[in-house]
Amino acid sequence: MTILPVIPISPDQPDTLQSGSGTTRRRPSMPPRHLADLDLAGRKSAMADLGEPAFRAKQISTHYFGRLVRDAAAMTDLPAATRERLTADLLPTLLHPLREQACDDGATRKTLWRLHDGALVESVLMGYPDRVTACVSSQAGCGMACPFCATGQQGLTRNLSIAEIVDQVVYLAGVAASGAVTGSPPRLSRVVFMGMGEPLANYPRVIEAVRRLTSPAPEGLGLSQRHITVSTVGLVPAMRRLIAEQLSVTLALSLHAPDDDLRDELVPVNQRWKVAEVLDAAFDYAAQTGRRVSIEYALIRDVNDQPWRADLLGRLLSGKLAHVNLIPLNPTPGSKWDASPKPVEREFVRRLREAGVSTTVRDTRGQEIDGACGQLAAGELTDASAGGAAADAEVAQ
């Protein structure tokens, strides 16, 4: 029997976890306060509490969001004593790199981070000729239990704080600005919440992170809301709550099956909110925002790639403001799941387009560096349990 994921009753208190026996576990400790946890007014208030003038909030915010500086030593316009006190209180180190790997001639770069409590998360930077995209995590692990996903098999450790999410982006924006992403512009332009975790299960912090990323500098990073994508497996109440936010981010729905029988197995949350209800919420989001919904569909050999499923998906999406993003499955080590053969993939695409549904196949990136989300973390956990990886592993060069 498929285990149904535990969904928090209140999205404003998402850190309460339950064990399989139903007993409540103690909430994991969250990281220390960081500049990115606060809006500009909150930073000015923090300055007052520290006995500093309000303009210091703008100074330190300009360094962090405007110049992508995370090192206190580089903030030379701050007096030394003030610099040390402010950075200790408002710029604690949240992310400690364990591994950094690159492939695709430097265009794809993946980082495995250790957080203050030992939890592991991943983020990826992907460069293209016309843009640079950051893929970031919103949780350490994931509680959705999708059986073909490396992160889903790890379970949920905890939600990330606002700043832990934002700091991934600021770091990756700095990498892009350094010119390290081969053949791409030196400015990060897009962010996708498609790393580890279910973003809408960490709803309040993800929404605040979006606001930090899209607020103009120095309050935030100044990205366009239209260049932010938030994914979900289909948490319908949170999807409907997102409609009321009046944001113009792209909603990506990880569907993976057009029928309830199979989706109950592939995406266990479907046992609570069925395909029709999930799609209704997605279409309502599209109608409210005018933004085309991205339907994510991982093609899995002999599981969800049959022609009749392509036809059913086409009927469900025909005439709707939706785009199908087919994903060649990046299999995890030891998994029974594998990618569909290319002829099967092409036929699936043909049938969807014949039904009038816009369809593309996602560019496969990072397979040689454990590109699927959760693979680096899973490898680190496996190595550690076997005594093969030290907690302070060197950053790969």
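Values in this document were obtained by computation on a predicted structure and should not be read as measured data.

### A few points about the overall build of the protein
Along the protein, the regular secondary structure elements total 11 helices and 14 strands. When each of the 397 residues of the protein is scored for burial, the buried share is 53%. Taking as baseline every contact in the protein between residues at least 6 positions apart, the subset at least 24 positions apart corresponds to 69%. A total accessible area of about 16,700 Å² is found for the protein, and carbon and sulfur atoms account for 50% of it.

### A few points about the sheet that holds strand E6 (residues 131–135)
The 10 strands are arranged E3-E4-E5-E6-E9-E10-E11-E12-E13-E14 in an open sheet whose pairing can be described as mixed. Since the sheet does not close on itself, it has two edges, and those belong to strand E3 (96–103) and strand E14 (358–361), each with one partner. If you compare each strand with its neighbour and ignore which way they point, the axes differ by 20 degrees on average. Sheet topology places strand E5 (residues 120–128) next to E6; 5 bridges connect them, and they run antiparallel. Paired with Val124 across the bridge in E6 is Cys135. Most of the contacts of helix H5 (residues 203–214) go to strand E9 (residues 190–193), to which it runs at about 175 degrees, and overall it touches E9 and strand E10 (228–232).

### Overview of the nonpolar core
Val191 and Phe193 are the most contacted members of the largest nonpolar core, which has 105 residues in total. It is helix H4 (residues 162–177) that contributes the most residues to this core, 11 residues altogether. In this structure Phe193 touches Val136, Ser138, Ile165, Pro199, Val206, Ala209, Val210, Leu213, Ile228, Thr229, Val230 and Ser231, once residues within four positions along its chain are discounted. Listed in part, the 5 residues of the second largest apolar core include Val124, Tyr128, Cys135 and Val192.

### Remarks on the confidence of the model for the protein
Low-confidence regions, as indicated by low pLDDT, have predicted coordinates that should not be scrutinised in detail. The predicted model of the protein has a mean per-residue pLDDT of 87, with 84% of residues at 70 or higher. Counting interchain partners and residues more than four positions distant, the pLDDT-below-50 stretch residues 8–24 has 29 contacts. Predicted confidence for residues 378–397 stays below pLDDT 50, and this span has 25 contacts to residues more than four positions away or in other chains.

### Focus on the packing of aromatic side chains
Scanning the entire structure with this criterion turns up 3 aromatic pairs. Seen from their ring centres, Tyr64 and Phe65 are 4.8 Å apart, and the 85 degrees between their planes marks the pair as edge-to-face. Of the two residues examined, Tyr64 and Phe65, each falls in the buried class.

### Examining the side chain of Ser161
Mapped onto the secondary structure, Ser161 falls in the loop between strand E8 (156–159) and H4. Residues within four places of Ser161 in sequence aside, it is in contact with Met30, Pro31, Asp37 and Arg205.

### Some details on the pattern of salt bridges
Between side chains of opposite charge, a pair can form as their charged atoms come close. Enumeration according to the criterion identifies 21 salt bridges in this entry. A salt bridge links Asp117 to Arg158; the nearest nitrogen and oxygen atoms lie 2.6 Å apart. On the criterion of sequence distance, the pair formed by Asp117 in the loop between strand E4 (108–114) and E5 and Arg158 in strand E8 is long-range, its members being 41 residues apart. Close ionic contact of Glu345 with Lys342 constitutes a salt bridge, the shortest N to O distance being 3.2 Å. Pair noted here: Glu345 and Lys342 are both in helix H10 (residues 342–354), with a separation of 3 residues, about one helical turn. Look at Glu345 and you get buried, because its relative accessible area is 8%.

### Notes on the environment of Arg187
Its location among the elements puts Arg187 in the loop between H4 and E9. Along the chain, Arg187 and Gly174 lie 13 residues apart, while their C-alpha atoms are 8.4 Å from each other. Residues within four places of Arg187 in sequence aside, it is in contact with Val132, Ala176, Leu221, Gly222 and Leu223.

### As for H10
In this model, H10 (13 residues) spans 18 Å end to end at C-alpha, consistent with the 18 Å of a helix rising 1.5 Å per residue. Along H10, the residues that are buried comprise Glu345, Phe348, Val349 and Leu352. Looking down the long axis of H10, one finds its buried residues gathered within 95 degrees of arc, a one-sided arrangement. Facing away from the buried side of H10 by over 90 degrees, the exposed positions are Pro343, Arg346 and Glu354. Looking at the buried positions of H10, the neighbouring elements they touch are strand E12 (293–299), helix H9 (307–317), strand E13 (322–328) and E14. The positive-phi residue at the C-terminal boundary of H10 is Gly356, with phi of around 85 degrees.

### Considering the environment of Asp261
Considering the arrangement of structural elements, one finds Asp261 in helix H7 (residues 260–266). Taking the C-alpha atoms as reference, Asp261 lies 9.4 Å from Gln271; in sequence the two are 10 residues apart.

### Quick notes on the pairing of E13
Judged by how many residues are buried, E13 sits mostly within the fold: 7 of 7 residues are covered. Residues of E13 alternate between two faces, with Ala322, Val324, Leu326 and Pro328 on one and His323, Asn325 and Ile327 on the opposite face, all of them buried. In this sheet, E13 lies alongside E12 in parallel orientation, the contact comprising 7 bridges. Each bridged residue has a counterpart across the sheet, and for Val293 the counterpart in E13 is Ala322. For the handedness criterion, the β-α-β arrangement of E12, H9 and E13 is classed as right-handed. Bridge count between E13 and E14: 4 bridges; the pairing is parallel. Its bridge partner lying in E14, His323 is registered against Ser358.

### Focus: helix H8 (residues 275–289)
The end-to-end C-alpha separation of H8 is 21 Å, in line with the 21 Å expected for 15 residues at 1.5 Å each. Taken as a whole, H8 has its buried residues at Val275, Val278, Leu279, Ala281, Ala282, Phe283, Tyr285 and Ala286. Of the surrounding secondary structure, the elements contacted by the buried residues of H8 are helix H6 (236–244), strand E11 (250–254), H7, E12, H9 and E13. Downstream of H8 by one or two residues, Gly290 has phi in the positive range, about 75 degrees.

Rules used in this analysis
- The numbers attached to residues start from 1 for each chain and follow its sequence in the written order.
- In view of the model being predicted, local features appear only for residues whose pLDDT reaches at least 70, and side-chain atom pairs are presented and counted only at 80 or more, with totals across whole chains, interfaces and linings using the full set of residues.
- Excluding hydrogens and water, the side-chain values take into account all heavy atoms of the structure.
- The helix and strand labels rest on DSSP assignments: H or I over at least four residues marks a helix, E over at least two residues marks a strand, and numbering proceeds from the N terminus.
- For every residue, the accessible area obtained with a 1.4 Å probe (protein chains only) is divided by the maximum for its type, and the residue is called buried under 20%, exposed over 50%, and partly exposed between those limits.
- Whether two residues are in contact is decided by their heavy atoms: any pair within 4.5 Å suffices.
- Surface accessibility in these figures is a Shrake-Rupley result with a 1.4 Å probe; residues are shielded only by whichever protein chains are displayed.
- Two strands pair under a simple rule: DSSP has to find at least two bridges between them.
- Between the N-to-C directions of two axes lies an angle of 0 to 180 degrees, each axis being a line fitted to C-alpha atoms and, for a helix, fitted only over the stretch in contact.
- Only buried residues count toward a nonpolar core. Its members are Ala, Val, Leu, Ile, Met, Phe, Trp, Tyr and Cys residues joined through side-chain atoms within 4.5 Å.
- pLDDT measures how confident the predictor is about each residue, on a scale from 0 to 100.
- Geometry of aromatic contacts follows a simple scheme: Phe, Tyr and Trp rings, the Trp one being its six-membered ring, pair when their centres are within 6.5 Å, and the pair is stacked under 30 degrees between planes, edge-to-face over 60, tilted otherwise.
- The working definition used for a salt bridge is a side-chain nitrogen of Lys or Arg within 4 Å of a carboxyl oxygen of Asp or Glu.
- Between the first and last residue of a helix there are one fewer steps than residues, each counted as 1.5 Å, and that sum is the expected span.
- What the arc describes is the spread of directions from the helix axis to the C-beta atoms.
- When the strands point away from the viewer, a crossover counts as right-handed if the path from the first strand over the helix to the second runs clockwise.

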